[in-house]
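A closer look at the structure
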Amino acid sequence: MTLATGVGADFLRALLQGTPPGTVYALVALGFVLTYKTSGVFNLAFGAQAYVSAAMYYKAHTEWGWSIIPALVLSVFVLAPAIGLTLERLVFRYLRTGTSVAKLVVTIGISLALPNIFELITNFKGVVGRTPAGIVPNGAGVFYDPFGVYPFSRDELTTIGVAVFAMLCLAALFRFSAIGLQMRAVVESPRMTELNGIRSDRVSAVSWALSSTFAGLAGVLIAPRFNTLAAPDFFNLVVVAIAAAILGRLVSLPRALAGGLGLGMVISLLGTFLPRWVQSNPWLRPFQENLTPAVPFVVLFGVLVLWPAIRRSREVSDPLSGVDPPISSLALATRSARSHLIARVVTVGALGTVAAIVYFRADASWMFLVTQAVIMATIYLSVTMITGLAGQISLCQGTFAAIGGFGVYQLATLHGMSVLVAAPIAAVIAAAVGAVLSLPVLRLGGIWTAVATLAFAFFFDAVAIKFSWVGGGNTSLMQGTRVPRPVLGPWDFADDRAFLVLAVVVFIIVSIVVVQIRGGTIGRTLRAIRGSEVAAQSIGISPARARVVAFAVSAAIAALGGALLSIHQKNVNYGSNFSPVSSLFWLVLVVSLGSRTIEGAALAGAAYSIFDPLILRGTIFGWILRSPDRVPGIFPISPKWRLILFGLGTLQFARHPEGAVEYWRSRTARSLAARQRSAPGTPEAPDAPNESDAPNGAVTS
Amino acid sequence: MTALLELRNVSAGYGAFRALFGVSVEVQPGEAVAILGANGVGKTTLARVATGLLAPTSGAVLVDGADMSGTATYRFARAGVAHAPEGRSVFATLSVEDNLRLSFRQSKGRANTPAALAKAFELFPMLAARRHQIAGTLSGGQQRMLAMARVIVEEPSLLVADELSLGLAPIVVDEVYRSLRRLKENGSALLIVEQHVGHALALCDRAILLDRGTVSWSGPAREAAERVATHVFENDSSSDGDGDSGDATAATAG
Ligand SMILES: Nc1ncnc2c1ncn2[C@@H]1O[C@H](COP(=O)(O)OP(=O)(O)O)[C@@H](O)[C@H]1O
Ligand SMILES: [Mg+2]
């Protein structure tokens, strides 16, 4: 066979080899585009939906021994649409008028909650070290070699066939069917669709059932590519697929397919030819190892930043959004100075008491958890800064924190600096990275900022930590990324108590900085931009500078916190502390509790660290009942509930962007005000408004 | 004879804010009624209540004698009430043809859609030339004509038209009103919300003046012209006695 040798054959082989992974990207990209087109949601939960069906299929087919067809029907054609319908009915129906950023955050919450809900209900443990089976018998064992250079497995061919077939079906659906047109209309304006006599809620239900079924199908087809079955793998795949989808501007199905295939092939070509170039050009060596995994993230970032048309094609606003009542104002603005002061005093008093109890009474494990909570709260102030104040979603706060951690590791462990000096230097480095990153990224705005920061986080995860001047390279493989505790004059912070004090002091200082920025010129500028960028610009406010500062400060805060966390744990622990998925969880925690206030960040820190031991393990009931034996039998509750609760907490964010704490406060303030109004002596207001929890309830939809 | 549309003592608002206070309006089949009033008195709110976009907080909305208060918007549309909302009233992301197809497919059924499309393009050759253009890239006047093409072919029993002339060149306004007149001649009733009263009064049989959420006057269109001249444009902030605008001050709650 003459084809089997030479560069041409290698090229062909690489192309064919790239086809199966490319098809996987294409499949997910198609599903992603489908969801975006039919529901208008930038659905980061797509991977979670795919995972759940894949897990269901595994459970039915492999664990229960069902044959392929019934298992496929159950996982893809029953469970997946049911999930889609549930999401539409319980979640997205109430978010129709929400901003796309709010919806994006909700999908992040769902992507954390959904796999855990499934695993809890079905008692699914995840699969490690075993490749899930595909949907054709012996799919991984039979090979076909049509060109004589690369053999495709039966599973791979099935996936390719299904992807192409699905693309054709969906394209036909959009082109020729009434429902395809209706789905697109509902995305733009559910109300205007209703004015045409079409039931928009039914159309949305169909959209979600359809896209969720597709997610399920993709999940089942993709699973055999992994030798595990775990939700994060699917999330990573979605990020890769977004790169493919975005090449088709998120609306073109054929281009999403082509984008996915192209990505797979490019990666495969690089994998084949890069090592040869490296042999003749040794300076390319570091790139060879790191470039290939980074390709999708580089593509995603590059396309977003360099191709403005993508952003301009973003959604058209609903012309009938004027039917909705305005969003209620922030509690802070309506509260009286006196109640403000009282609230402050009570909060500080309670915190002081807790701190004293912890300081004098806590055992080592509680001391550890509380210290961790304080440090996490410090990191979360970086979210307060960028999301609460600048109104932007950043999904790379974990990366900035990692820069802090690795900075301390590099400077202190490898270069012998004191960690107390190293931590601020790391924060400055992160601030510089943040400032540079903010220039292209923050200009994007809305969901595109979120996606670009996500791409950056994955890029860092795939590439940067492998450099020895970041992650330590071979040294860290041998010795881990250990970080020492500092000594400062008489204080030895190897003592956990002393370290707790240090963490609290840092938290207080950072809080003061945030409050100062919030109240100063920068804070006012950012608030003005958040209201309306165009209006702000027209009265001479320049958003760029304030945003760069906000992002840089946010990065510095995250890095400082990350450095502290590493010092506290005496190790950077990148994987468990700072991976891209942890950034997602952080964001979810902070926005569901309150991204605009210091208290929100503090609560989020506590929720991260001590919610599980205190509440879910029932410890607090043991304390209240004064005996650990009398803790009710339902405890300990699975720690999965933490992800479920806070994941679903993002719903609260979408409807009340001020967060749970502020929402609760403003409700109290409003009902107080209402009581004062209806008190005797004040004139009866005949039209006293009905205090409705969901003002949308007044609007038929 | 039952009224085609009847608002019976309707109040409505947005969240805690009240915009309409006990408004009653009737439209008989084939009749054209103008709703006039200054900015912010609740004309658009009235139009929204009339087509089910907004549910009344009290009072009733009847279509053909059936109580439709609080039912979904699509039911109003299926009962023959069409609404050309204020501002953009076409789907900006769909093509001209898809805009029409979406609507005709629902109102005329699959079999009659091609004929309805052909009729629309015949009446509005400008649209035929642009049938594959994305509606969002049409000019404001062209978008209006697209909206008019839809209702003219559909012949709803009632069209609620909200500020159709807003922001359009006079020549386009003339064309819009020609379409409305044609619609009326074909038997559709009209509820026309306008700030620019000349055209509206020339077309309509009756007029209703709104003042801060209440009906301050109603009567034949002929008599409305002079009322409007004094009432709306000269002292629209003072109450002249025949409205109970003193009670009607909008209540807000914080
Ligand atoms: N979505 C909304 N939320 C709160 N108030 C609104 C909303 N839409 C309109 N309003 C208020 O309701 C009142 C009546 O508005 P509208 O019906 O639009 O008046 P018009 O069409 O006569 O100019 C105005 O005071 C306006 O500010
Ligand atoms: Mg109006």
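Quick look at the structure, then. (Residues numbered from 1 in each chain as written. Chains lettered and ligands numbered in written order. Predicted model: local features only at pLDDT ≥ 70, side-chain atom pairs only at ≥ 80, totals over all residues. Heavy atoms only, no water.)

Quick look at the overall build of chain A
For clarity, the threshold we go by: Numbering of helices and strands runs from the N terminus, with a helix taken as a DSSP run of H or I at least four residues long and a strand as a DSSP run of E at least two residues long. Using a 1.4 Å probe on the protein chains alone, a residue whose accessible area is under 20% of its type maximum counts as buried, one over 50% counts as exposed, and one in between counts as partly exposed. Residue contacts are counted whenever heavy atoms from the two residues lie within 4.5 Å of one another. Where accessible areas are quoted, they stem from the Shrake-Rupley method and a 1.4 Å probe; at the residue level, only the protein chains shown are allowed to cover.
On a plain count of helices and strands, chain A comes out with 30 helices and 6 strands. Per-residue burial over chain A gives 54% buried out of 701 residues. The long-range fraction of contacts in chain A, counting pairs at least 24 apart against all pairs at least 6 apart in sequence, stands at 76%. Carbon and sulfur atoms make up 66% of the accessible area of chain A, which amounts to about 29,500 Å² in all.

Thoughts on the environment of Ala135 of chain B
Residue and element names in this part refer to chain B. Here Ala135 is to be found in the loop between α5 (125-129) and α6 (140-154). Distance in space between the C-alpha atoms of Ala135 and Asp98 is 9.1 Å, their sequence separation being 37 residues. Each residue touching Ala135, except ones within four places of it in the same chain, is listed here: Val90, Phe91, Ala92, Leu94, Ser95, Val96, Asn99, Gln143 and Leu146.

Things to note about the coordination of the magnesium ion (ligand 2)
Residue and element names in this part refer to chain B. Rules: For Na, K and Ca the donor cut-off is 3.2 Å, and for all other metals it is 2.8 Å, counting N, O and S atoms only; because water is absent from this set, sites may look incomplete.
Coordination of the magnesium ion (ligand 2) by the protein is provided by Thr44 (OG1) and Glu86 (OE), with metal-donor distances spanning 2.0 to 2.3 Å. Here Thr44 is found in helix α1 (residues 43-50), whereas its partner Glu86 is found in the loop between β6 (81-84) and α3 (96-108), with 42 residues between them in sequence. On the accessibility criterion, Thr44 (14% relative accessible area) is buried.

Description of the site of ligand 1
Quick note on the threshold: One heavy atom within 4 Å of a molecule or strand is enough for the residue carrying it to be called near that molecule or strand. Under the rule applied, a polar contact is a pair of N or O atoms within 3.5 Å (in protein, one hydrogen donor and one hydrogen acceptor; residues adjacent in sequence only if both atoms are side-chain atoms). Nonpolar residues are Ala, Val, Leu, Ile, Met, Phe, Trp, Tyr, Cys and Pro. Charged residues are Asp, Glu, Lys and Arg, and all others, Gly as well, are polar.
Looking at ligand 1, there are 16 residues lining it, with Gly322 and Asp324 of chain A together with Gly40, Thr44 and Thr45 of chain B nearest. Between Gly322 of chain A and ligand 1, the recorded distance is 2.7 Å, taken from a backbone N or O atom to a nitrogen atom. Backbone polar atom of Asp324 of chain A to a nitrogen atom of ligand 1: 2.7 Å apart, as the coordinates give it. For ligand 1, whose free accessible area comes to 560 Å², the fraction covered by protein is 75%. Mapped onto the shell around ligand 1, the elements with two or more residues apiece are β2 (17-27) and α1 of chain B. Ranked by the residues each element gives to the shell around ligand 1, the list is headed by α1 of chain B, at 4 residues. Among the residues forming the shell around ligand 1, the class breakdown is 7 nonpolar, 6 polar and 3 charged.

Some remarks on a nonpolar patch on the surface
All names here are of chain A. Where we set the bar: A patch is a set of surface residues, each over 30% in relative accessible area and not in a salt bridge, joined within 9 Å for like charges and within 5 Å for the nonpolar side chains Val, Leu, Ile, Met, Phe, Trp and Tyr. The salt bridge criterion pairs a side-chain nitrogen of Lys or Arg with a carboxyl oxygen of Asp or Glu, the two atoms within 4 Å.
On the surface, Ile69, Val73, Phe77 and Val78 cluster together into a nonpolar patch covering about 370 Å² of accessible area. The topology assignment puts Val73 in helix α3 (residues 68-90). You can call Val73 partly exposed: its relative accessible area is 38%.

Description of the interface of chain B and chain A
Heads up, the condition is: Once two parts are brought into contact, the accessible area they lose, counted with a 1.4 Å probe and summed over both, makes up the buried area.
In this assembly, 37 residues from chain B lie in contact with 32 residues from chain A. Overall, the association of chain B and chain A removes approximately 3,200 Å² of surface from exposure, summing both partners, and the carbon and sulfur fraction of that is 61%. Taken together, chain B and chain A are joined by 2 salt bridges. Residue Arg184 of chain A is joined to Asp98 of chain B by a salt bridge in which the shortest nitrogen-to-oxygen separation is 3.9 Å. Tallying contributions element by element places α3 of chain B first for the side of chain B that touches chain A, with 6 residues. A breakdown of the residues in the side of chain B that touches chain A according to their chemical character gives 17 nonpolar, 12 polar and 8 charged.

So, the packing of helix α1 (residues 6-39) of chain A against helix α6 (residues 178-188) of chain A
All names here are of chain A. Condition: Every angle, taken between N-to-C directions, lies between 0 and 180 degrees, and every axis is a line fitted to C-alpha atoms, over only the stretch in contact when it is a helix. Angles are sorted into four bins: roughly parallel if under 35 degrees, roughly antiparallel if over 145, roughly perpendicular if 65 to 115, and oblique for all others.
It is the contact of α1 with α6, at a shortest axis distance of 6 Å, that shows an interaxial angle of 70 degrees. It follows from the interaxial angle that α1 and α6 lie roughly perpendicular. In this structure, α1 uses Tyr36, Lys37, Thr38 and Ser39 to contact α6, whose residues at the interface are Met183, Arg184 and Val187. Split into classes, the residues belonging to the contact of α1 with α6 amount to 3 nonpolar, 2 polar and 2 charged.

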